[in-house]
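# Residue-level structural notes
Take a look at the letters that make up each chain.
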Amino acid sequence: MSSKVLTLLITLWFCSHLHSQNTVGILSQEVSETYEGYNLLFPHNQSNVYLLDNCGQIVHSWEDDEEFRPGNSVFLLQNGDLVKCKRARTSAVSNPIWAGGGGETVEIRTWENELLHSFTLNDSLFRLHHDVAPMPNGNILMVAWENKNLEESIAAGRNPDLMSQDKVWSEVILEWNPGLDSIVWQWSAWDHLIQRYDATKANFGQPNNHPELIDLNYDEVNGHPDWLHINAIDYNPILDQIVLSVPHFNEFWIIDHNTTTEEAAGEEGDLLYRWGNPQAYDRGASGDKKLYFQHDVRWIDTNAVEGDEDFGKISLFNNRLPDGKSSANIIHTMVDGQYQLQNGRYLPEDFERTLIYPETDTRAFSNALSSAQFLPNGNALLLAGRWGFAYEITPQEEVVWNYIVPVKAGKAVEQGATLEVNNNITFRIERYDLEYAAFEGRDLSPKGYWELNPNEGFCGVVNVQNTIENQATFTLFPNPATTHIAIETKDGKPQSFEVYDVLGKRIHSFWSNQSIKTLDMTNWEKGIYFMVNEEGETQKLVVQ
């Protein structure tokens, strides 16, 4: 055995035995099974957004004034702009409308963190909260509480016994056009009510005969004004529909966006579909409930068309299962391309797929926040938000990636620190593919770990020795190099590349759609590297 191979095997053995030493950041990773990409995170109790590689190293960040906090979601657009929800740290409990998930401002910032557009809504009548949905036309769908006073609520048919604070917070969906800085469409839950409490008031009727309407007196929160608590929104441009997660009803709803604002206030704005708890429209009992304070309801593929495998499929994180666990679920909402009722209930009768963390770890349960993203390779990326605990599971239900957000009360902690529940709460994690358009031409070189005193030898170690003799379909020149290297591909097809040092540690990754791509190595240390393309073909690179 050559000394080079022996050194590599020793390195792999050493790194495999570091697993028990990591308590934050990357806990484990099966590189060959993990879906490659970059992870977007915006933890609570601090103001910055971070983009991490799968080894937990920061490749980009958007910093903000310490006076701000998440409010709550964040998205990276294909052009590299960031859509970010935030609130002032002081705009919490003392404000007229406040509950968990309270927001205030939606911003659009460039990759370089330049502010392009901003919208703020937080007063005695309305408050943005939780989530937004960027649309292909550049507009942003936003969720806001709408405060209804005692008189308005009673007139609409609310039971006074459910008015513990003499008000109800209903929900509105607002479509903001950033270029015009105006609201161009809206939908209000208050326009689609039914109640059987008082025949002399508005909206009187039988909820079980009208599943398209919202029972004003269905209550699972003991009369708290935060009656619905919409915590997630997603937009499907193929269907031109909006899905809303309504955890205080333990349901998600789908509404039509192909309306005017005036039409949305009438029958055209009634619910197209609802699922998770038929008791909410008086078509079941508590035992028929499927959802339990769910989060991150979304279409698996918003571009799927009828006939595609994922057309009409919704995924979510089901927080509070009766057995004390949390799960990720998929619901196939469409039957023959349509939403259908059977015996007064919306189909299907059950989930298409359920994923539960297959190992024993209390951190996989979260009673709030959390996310579930089903990835193109069939894996699922889940986040138990109360613990900042992210994990990736294969279709065979094997855990191939574990990550703990390394912050406590908004401050980075040292490797080896022990975190408790709520120390590092995080609303969502989103992984973007290496070839996502936003990354083209961007500097995504690792810029250090988030945690302090990191275990730098732990992650990203792979066996490149087996491939360095391959005849690759790309060439490097000049080689040896000093400050820049050109990568020429024989067929010029778009592909991804990774660069490893002699210990097998990944130090850089990039994507190219050019026949010749130039890479800046000004800040690289002198030495030997290996460049590997997505086919596993490898070229040795010497930096002088």
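Residues numbered from 1 in each chain as written. Predicted model: local features only at pLDDT ≥ 70, side-chain atom pairs only at ≥ 80, totals over all residues. Heavy atoms only, no water.

Taking burial as the measure, the six residues of strand β28 (residues 399–404) include six buried ones, the bulk of the element. Here strand β1 (residues 25–29) pairs with β28 via four bridges, running antiparallel. Bridging across to β28, Ile 26 finds its partner in Tyr 403. Judged from the five bridges that link them, strand β27 (residues 389–393) and β28 form a sheet pairing that is antiparallel. Note on β28: the bridge partner recorded for Phe 389 is Ile 404. Taken together, β27 and the strand that follows it, β28, pair antiparallel across an intervening segment of five residues, in which Glu 397 is found at a positive phi of about 65 degrees. (Buried < 20%, exposed > 50% of the residue type's maximum accessible area, 1.4 Å probe, protein only. Helix = DSSP H or I, 4+ residues; strand = E, 2+ residues; numbered from the N terminus. Pairing = 2+ DSSP bridges.)

What follows is about the nonpolar core. Residues Leu 40, Leu 51, Leu 76, Val 106, Met 142 and Phe 439 are the most contacted members of the largest nonpolar core, which totals 32 residues. Excluding residues that lie within four positions of it along the chain, Met 142 makes contacts with Val 106, Phe 119, Leu 128, Asp 131, Val 132, Val 172, Ile 173, Leu 174, Trp 176 and Ile 183. Listed in part, the 30 residues of the second largest apolar core include Ala 133, Leu 193, Leu 216 and Ile 242. (Core = buried A, V, L, I, M, F, W, Y, C linked by side-chain atoms within 4.5 Å. Contact = heavy atoms within 4.5 Å.)

This paragraph deals with the sheet that holds strand β4 (residues 58–62). Ordered in space as β4-β3-β2-β31, the four strands form an open sheet in which the pairing is antiparallel. Here the strands that pair on one side only, and so sit at the sheet edges, are β4 and β31 (426–433). If you compare each strand with its neighbour and ignore which way they point, the axes differ by 20 degrees on average. As judged from the four bridges shared by strand β3 (residues 49–52) and β4, these two strands associate in the antiparallel manner. (Axes fitted to C-alpha atoms, helices over the stretch in contact; angles between N-to-C directions.)

The final tally for this structure, using the stated rule, is 23 aromatic pairs. Centroid distance Tyr 50 to Trp 450: 4.3 Å. Interplanar angle 35 degrees. Geometry classified as tilted. Taken together, the positions of Tyr 50 in strand β3 and Trp 450 in the loop between β31 and β32 (474–477) put the pair 400 residues apart, joining distant regions of the chain. For the pair Tyr 50 and Trp 450, a shared accessibility class is recorded, and that class is buried. Grouped by ring-pair contacts, the aromatic residues Phe 252, Tyr 273, Trp 275, Tyr 281, Tyr 339, Tyr 346 and Phe 351 constitute a single cluster. A cation over a ring is seen here: Lys 86 above Phe 68, with NZ or CZ 3.7 Å from the ring centre. (Phe/Tyr/Trp six-rings, centres within 6.5 Å; stacked < 30°, edge-to-face > 60°. Lys NZ or Arg CZ within 6 Å of the ring centre and 35° of its normal.)

Before going further, it helps to examine the sheet that holds strand β15 (residues 232–236). Within a beta sheet, neighbouring strands are joined by backbone hydrogen bonds and run either parallel or antiparallel to one another. With antiparallel pairing, four strands are arranged side by side in an open sheet as β15-β16-β17-β18. Two strands close off the open sheet at either side, each with one partner strand: β15 and β18 (273–275). Across the sheet, the mean angle from the axis of one strand to that of its neighbour is 15 degrees, orientation sign disregarded.

On average, residues of the protein score 90 in pLDDT, and 93% of them reach the 70 mark or higher. For the stretch residues 1–20, pLDDT sits under 50, and the model shows 23 contacts to residues farther than four places along the chain or on other chains. Low confidence marks residues 462–470, where pLDDT is under 50. Its contacts with residues over four positions away, or in another chain, come to 20 contacts. (pLDDT = per-residue confidence, 0-100.)

The omega torsion across Phe 477 and Pro 478 is -10 degrees, close enough to zero to call that bond cis. On the secondary structure map, Pro 478 appears in the loop between β32 and β33 (484–489). Of note in the backbone geometry, Asn 45 takes a positive phi value of approximately 65 degrees without being a glycine. Following the sequence through the fold, Asn 45 ends up in the loop between β2 (37–43) and β3. Within the chain, Ser 370 stands out as a residue other than glycine whose phi angle is a positive 90 degrees. Within the secondary structure, Ser 370 is located in the loop between β24 (353–355) and β25 (371–374). Judged by relative accessible area, Ser 370 falls into the buried class, the value being 2%.

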